[in-house]
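Tertiary structure, described
Below are the chains, spelled out letter by letter.
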Amino acid sequence: QVQLVESGGGLVQPGGSLRLSCAASGSIEIINDMGWYRQALGKQRELVARITKNGSTTYAYSVKGRFTISRDNAKNTVYLQMNSLKPEDTAVYSCNAAIKPTDRSFVIYYWGKGTLVTVSS
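So, here's what we can say about the structure. Only a predicted model underlies this, so the values are computations on that prediction, with no experimental measurement involved.

**Some points on the nonpolar core**
Core analysis: the largest hydrophobic core is formed by 30 residues, its most contacted members being W36, L80, M82, Y93 and I99. Residue assignment for this core shows that the elements contributing at least two residues are β1 (2-7), β3 (18-26), β4 (28-39), β5 (46-51), β7 (67-72), β8 (77-82), β9 (91-101) and β11 (115-119).

**Focus: the state of the cysteines**
Note on terminology: a disulfide is the covalent bond linking the sulfur atoms of two cysteines. Applying the stated criterion across every chain yields a total of 1 disulfide. Between the sulfur of C22 and that of C95 lies a disulfide, 2.1 Å long from S to S. Residues C22 and C95 are joined by a disulfide whose S-S torsion is about -80°; by sign, that bridge is left-handed. Taken together, the residues span a long stretch of sequence, with C22 in strand β3 and C95 in strand β9 at a distance of 73 residues. Take C22: its relative accessible area is 0%, and that puts it in the buried class.

**Let's talk about the sheet that holds β1**
As summarised here, the arrangement of the 4 strands in space is β1-β3-β8-β7, forming an open sheet in which the pairing is antiparallel. The sheet is open, and its two edges are formed by β1 and β7, each paired on a single side. Averaged over all pairs of adjacent strands, the angle between strand axes in this sheet comes to 15°, irrespective of strand direction.

**Some remarks on the pattern of salt bridges**
Enumeration according to the criterion identifies 5 salt bridges in this entry. One salt bridge in this structure joins K100 and E29, with 2.8 Å as the shortest N-O distance. Of the two residues, K100 sits in strand β9 while E29 sits in strand β4, which places them 71 residues apart along the sequence. By relative accessible area, which is 44% here, E29 ends up partly exposed. Put simply, R38 and E46 hold a salt bridge, and the shortest N to O gap is 2.7 Å.

**With respect to the packing of aromatic side chains**
Scanning the entire structure with this criterion turns up 1 aromatic pair. Between the aromatic rings of Y37 and W111, the centroid separation amounts to 5.0 Å while the plane-to-plane angle is 65°, which identifies the pairing as edge-to-face. You can see Y37 sitting in strand β4 and its partner W111 sitting in strand β10 (residues 108-111), a full 74 residues away along the chain. We classify Y37 as buried; its relative accessible area is 18%. Judged by its relative accessible area of 35%, W111 falls in the partly exposed class. The ring of Y79 carries R19 above its face, with NZ or CZ at 4.1 Å from the centroid. Here the basic side chain of R45 rests over the ring of W111, its NZ or CZ set 3.8 Å away from the ring centre.

**Examining the pairing of β3**
Sheet topology note: the β1/β3 ladder contains 6 bridges and is antiparallel. Pairing of V5 across the sheet is with A23, part of β3. Where β3 and β8 come together, 6 bridges link them in antiparallel fashion. Looking at β8, one finds that R19 is bridged to Q81.

Here is what the cut-offs are and how they apply
- Residues numbered from 1 in each chain as written.
- Predicted model: local features only at pLDDT ≥ 70, side-chain atom pairs only at ≥ 80, totals over all residues.
- Heavy atoms only, no water.
- Core = buried A, V, L, I, M, F, W, Y, C linked by side-chain atoms within 4.5 Å.
- Buried < 20%, exposed > 50% of the residue type's maximum accessible area, 1.4 Å probe, protein only.
- Helix = DSSP H or I, 4+ residues; strand = E, 2+ residues; numbered from the N terminus.
- Disulfide = S-S within 2.5 Å.
- Pairing = 2+ DSSP bridges.
- Axes fitted to C-alpha atoms, helices over the stretch in contact; angles between N-to-C directions.
- Salt bridge = Lys/Arg side-chain N within 4 Å of Asp/Glu carboxyl O.
- Phe/Tyr/Trp six-rings, centres within 6.5 Å; stacked < 30°, edge-to-face > 60°.
- Lys NZ or Arg CZ within 6 Å of the ring centre and 35° of its normal.

Here it is in structure tokens:
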């Protein structure tokens, strides 16, 4: 079984920073793209940032210059450093990863359960 577990969410004041982590574990052969998505109350889930195995990154326009995605391939972990947080960043942040399990011949997109980020004074 493959699992993604997020950590690092919480309450932060506007202008503050948080760092999210997402660790993949289980019977993993290869991890390709990894990414962060978020869903605010009453809104659709949206892409925040993605990173390829080789480190190429993509960001949503709303977070460019404020958020940084990175990964540690040795630890099967992806990070999201969030700076200059705004109230509109409040959402449940979920990790997504394209993983080929050891007992499968194809890639599966796995999701974590999510972590709540609240930006409020």
